[in-house]
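Breakdown of the fold
Residues per chain are reported as follows:
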Amino acid sequence: RRLSRDPATSQPLAYLRLRRAIRNVVEHRDIEPGQALPSERDLSRLLQLSRVTVRKAISGLVEEGLLNQRHGAGTFVAERIIKPMSRLTSFTEDLRARGLNPRSEFSERIIGEVTPEESMALNLSPGVLVARLHRVRYAKEEPLAIERSVVPASILPDPTIVQDSLYQILETLGARPRRALQRLRAVSLGAQQARLLHVPAGSAGLNIERRSFLDDGRVVEFTTSWYRGDIYDFVAELQTD
Ligand code: GLP
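All residue numbers here refer to positions counted from 1 along the written sequence of the relevant chain. Since the coordinates come from a predicted model, pLDDT governs what is reported: local features require at least 70, and pairs of side-chain atoms require 80 or more to be given and counted, while whole-chain, interface and lining totals use all residues. Note: side-chain values were computed over all heavy atoms of the structure, leaving out hydrogens and water.

1. Some words on the environment of glycine 60
- The helix and strand labels rest on DSSP assignments: H or I over at least four residues marks a helix, E over at least two residues marks a strand, and numbering proceeds from the N terminus. Here glycine 60 lies in helix α4 (residues 51–64).
- Each residue's exposure class comes from its accessible area (1.4 Å probe, protein chains only) as a fraction of the maximum for that residue type: buried when under 20%, exposed when over 50%, partly exposed otherwise. Residue classification places glycine 60 among the buried residues on the basis of a relative accessible area of 8%.
- For the pair formed by glycine 60 and leucine 16, sequence separation is 44 residues and the distance between their alpha carbons is 9.0 Å.

Structure below.
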């Protein structure tokens, strides 16, 4: 459908165009998660592209986590949410790339004094004000993660302007994170967290702490999240030195 209409043909960047075209198809849900893509051979015949080009486009999307390849069975749109660990993206961006429209339900959006733990994480002096955002994050009415973010009030003086994407707001404030340190830990979700995430108490979860920085080294956020372990895969590309 869309693929055949996209001008994904002219060399030499054909594979990049094809990659974009396939991403478009997934974003528009022309092929649903779990469904198969046409075979490499069919794609190359249909689009008049070499097998090498098709393979290159597909393997890029497999690395990004948008597609899965099952040996002998073909290429599928990934069902679980696969989050590449090496890219500093936001929840909203990750889900939009999969054609989903995320939303947040806030239980807290306030300004308060920094706690001792936060002051260490954010490198702030005691007494300084911070914005606190507590929310459950949904896609298609399904809760996917709980997030608690702390941002210096000097960067985000009014947390209520964050309706959905924190990073989008930070971007408009000229404070989009440029670098982050992230820690992942396996946890079993407590009763309250499990209830918020609509899973049985004790289910597997991923506890993620992210500290993001601006170019000048200032910490812009300290976020603690609990992601559902039954939905999320975190993947990283590893390289030798
Ligand atoms: C991810 C990160 C958080 C970050 C959030 C921003 O979930 N783990 O550290 O705060 O993205 O997402 P958004 O811009 O959608 O609010």
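Here the narrative resumes.
2. Concerning the nonpolar core
- Counting residues in each nonpolar core, the largest one holds 17 residues, and the members touching the most others are Leu18, Ile22, Leu37, Ile58 and Leu67.
- Those elements giving two or more residues to this core turn out to be α2 (14–27), α3 (40–47) and α4.
- The element best represented in this core is α2, accounting for five residues. The term nonpolar core refers to a set of buried residues drawn from Ala, Val, Leu, Ile, Met, Phe, Trp, Tyr and Cys, joined through side-chain atoms within 4.5 Å.

3. Notes on the site of the ligand
- Nearness here has a simple test: a residue counts as near a molecule or strand if at least one of its heavy atoms is within 4 Å of that partner. Looking at the ligand, there are 15 residues lining it, with Thr92, Glu147, Ser165, Glu221 and Tyr227 nearest.
- A distance of 2.6 Å separates an oxygen atom of the ligand from a polar atom in the side chain of serine 165.
- Whenever a nitrogen or oxygen atom comes within 3.5 Å of another N or O atom, the pair is scored as a polar contact, on the condition that within protein one atom can donate a hydrogen and the other can accept it, and that pairs from neighbouring residues in sequence are kept only if both atoms are in side chains. Separating an oxygen atom of the ligand from a side-chain N or O atom of tyrosine 227 is a distance of 2.7 Å.
- Cavity means a closed set of points on a 1 Å grid over the protein atoms alone, one where a 1.4 Å probe fits but cannot get out, pocket means an open set with protein on both sides within 12 Å along at least 5 of 7 lines, and lining means a residue has an atom within 4 Å of a point. The way we define it, a molecule is inside a pocket or cavity when more than half of its atoms are within 2 Å of that pocket's grid points. The site holding the ligand turns out to be the largest cavity.
- Three residue categories are used. Nonpolar comprises Ala, Val, Leu, Ile, Met, Phe, Trp, Tyr, Cys and Pro, charged comprises Asp, Glu, Lys and Arg, and polar comprises the others, including Gly. A per-class count over the shell around the ligand returns four nonpolar, five polar and six charged.

4. Here's the deal with the sheet that holds strand β9 (residues 219–228)
- Strands qualify as paired when DSSP identifies two bridges or more between them. Spatially, six strands are ordered β4-β5-β6-β9-β8-β7 in an open sheet, and the strand pairing comes out antiparallel. Looking along the sheet, the strands with just one partner apiece sit at the ends: β4 (102–113) and β7 (179–188). Ignoring which end each strand starts from, the neighbouring axes of this sheet average 15° apart.
- Here strand β8 (residues 204–213) runs beside β9; their pairing, made up of nine bridges, is antiparallel. Working convention: axes come from line fits to C-alpha atoms, limited for helices to the stretch in contact. Angles between N-to-C directions cover 0 to 180 degrees.

5. A word on α4
- Here, expected helix span is obtained from the residue count minus one, scaled by 1.5 Å. With 14 residues, α4 ought to run about 20 Å at 1.5 Å a step, and its terminal C-alpha atoms sit 20 Å apart, in line with that.
- For α4, the complete set of buried residues consists of Thr53, Val54, Ala57, Ile58, Gly60, Leu61 and Glu64. For α4, the buried positions fall inside an angular range of 155° around the axis, keeping them on one side. Turned more than 90 degrees away from the buried face of α4, the exposed residues are Val52 and Glu63.
- Structurally, α4 contributes buried residues whose contacts are with α2, α3, β1 (67–70), β2 (74–77) and β3 (81–84). In this description, one arc is meant: the one made by directions from the helix axis to the C-beta atoms. Here, two residues are considered to be in contact whenever any of their heavy atoms come within 4.5 Å of each other.

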